Amino acid sequence: MKIYKVGDEKRAACEVCQSFQTVSFQLRDVPFSDGSGLVKNVVVGVCKTCDSVALLPFQSVPAVKKQLETQRKAVESRVPAHMIDILNLASAKLGATPEFIPLLMKYYIHMLATHPVAAVQLVQLLTSELATGLANKRLSLKGREIHNDINELKSLSQISNTTELLKGVVLAINNDVLINPDKQRIAHLKSLVATVA
Ligand SMILES: [Zn+2]
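Read on for an overview of the structure. All figures in this text were calculated on a predicted structure; none of them were measured in a lab.

Cut-off values and rules
- Residues numbered from 1 in each chain as written.
- Predicted model: local features only at pLDDT ≥ 70, side-chain atom pairs only at ≥ 80, totals over all residues.
- Heavy atoms only, no water.
- Helix = DSSP H or I, 4+ residues; strand = E, 2+ residues; numbered from the N terminus.
- Rg over C-alpha atoms; globule rule 2.2 N^0.38 Å.
- Buried < 20%, exposed > 50% of the residue type's maximum accessible area, 1.4 Å probe, protein only.
- Contact = heavy atoms within 4.5 Å.
- Areas by Shrake-Rupley, 256 points an atom, 1.4 Å probe, with all protein chains shown as cover.
- Lys, Arg positive; Asp, Glu negative; His and termini not counted.
- Charge placed at Lys NZ, Arg CZ, Asp CG, Glu CD.
- Donors = N, O, S within 2.8 Å, 3.2 Å for Na, K, Ca; no water.
- Tetrahedral: all angles 85-135°; square planar, octahedral: opposite > 155°, others 65-115°.

A count of helical and extended segments in the protein chain gives eight helices and six strands. Of the regular secondary structure in the protein chain, the N- to C-terminal order runs β-β-β-β-α-β-α-α-α-α-β-α-α-α. Taken against the 2.2 N^0.38 rule, which gives 16 Å for 197 residues, the C-alpha radius of gyration of the protein chain at 22 Å runs more than 25% over that of a compact globule. Its C-alpha atoms give the protein chain principal-axis dimensions of roughly 65 × 35 × 30 Å. Buried positions account for 39% of the 197 residues belonging to the protein chain. By sequence separation, contacts in the protein chain at least 24 residues apart represent 63% of the contacts at least 6 residues apart. Entry remark: accessible area of the protein chain is about 11200 Å², with carbon and sulfur atoms responsible for 55%. Of the charged side chains in the protein chain, 23 are positive and 17 negative; the average position of the first set lies 4 Å away from that of the second.

All right, on to the coordination of the zinc ion then. Summarising the metal site, the zinc ion is bound by the protein donors Cys14 (SG), Cys17 (SG), Cys47 (SG) and Cys50 (SG), whose distances to it range over 2.2 to 2.3 Å. Around the zinc ion, the four donor atoms are arranged such that angles at the metal cover 104 to 114 degrees; this shape is classified as tetrahedral.

Moving on: the environment of Phe25. Its place among the elements puts Phe25 in strand 2 (residues 19-31). The class of Phe25 is buried, set by a relative accessible area of 0%. Remark: the alpha-carbon pair of Phe25 and Val6, spanning 19 residues in sequence, is separated by 5.0 Å.

Below, the structure written as structure tokens:
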């Protein structure tokens, strides 16, 4: 097997140019073909004519596979039992069953990951008495975007521990849905419930 170094070049077929071109091996972030995610920082052959990724050398396959597996693996965490109760109550208030919980969490994590102002308030929520308690219930979230969203939210909120982050998100849901109902947010969530029901 030939190992390519960054900067090496060879001739290869480029799908974009629809012809043989010179490709240069470079470190790139490569999007999945369906656009649902990104494999980061792998050696790929970049077409020198159109700058698109023309080939994935065999040496990069394990790195790509590993990143794909990590991104597909569920985020598993243990939280205090009352956190799950909060999520059950919030789901009921939205007219949904407990099956809605993972989607509710993912919606909130994504929403907070794209709203820095709301994200920085999570730390504050973790000082509440409700943030404490023995972590004895499992919370599992699946999906390709969940890892990206959680990493994004960790850096925005400055909460590096996944369990603490998820607890903060549950308490944000508690606030918005149960304690100080946010009408707009609730209407949006109800339409989401209607969509997946
Ligand atoms: Zn090309």
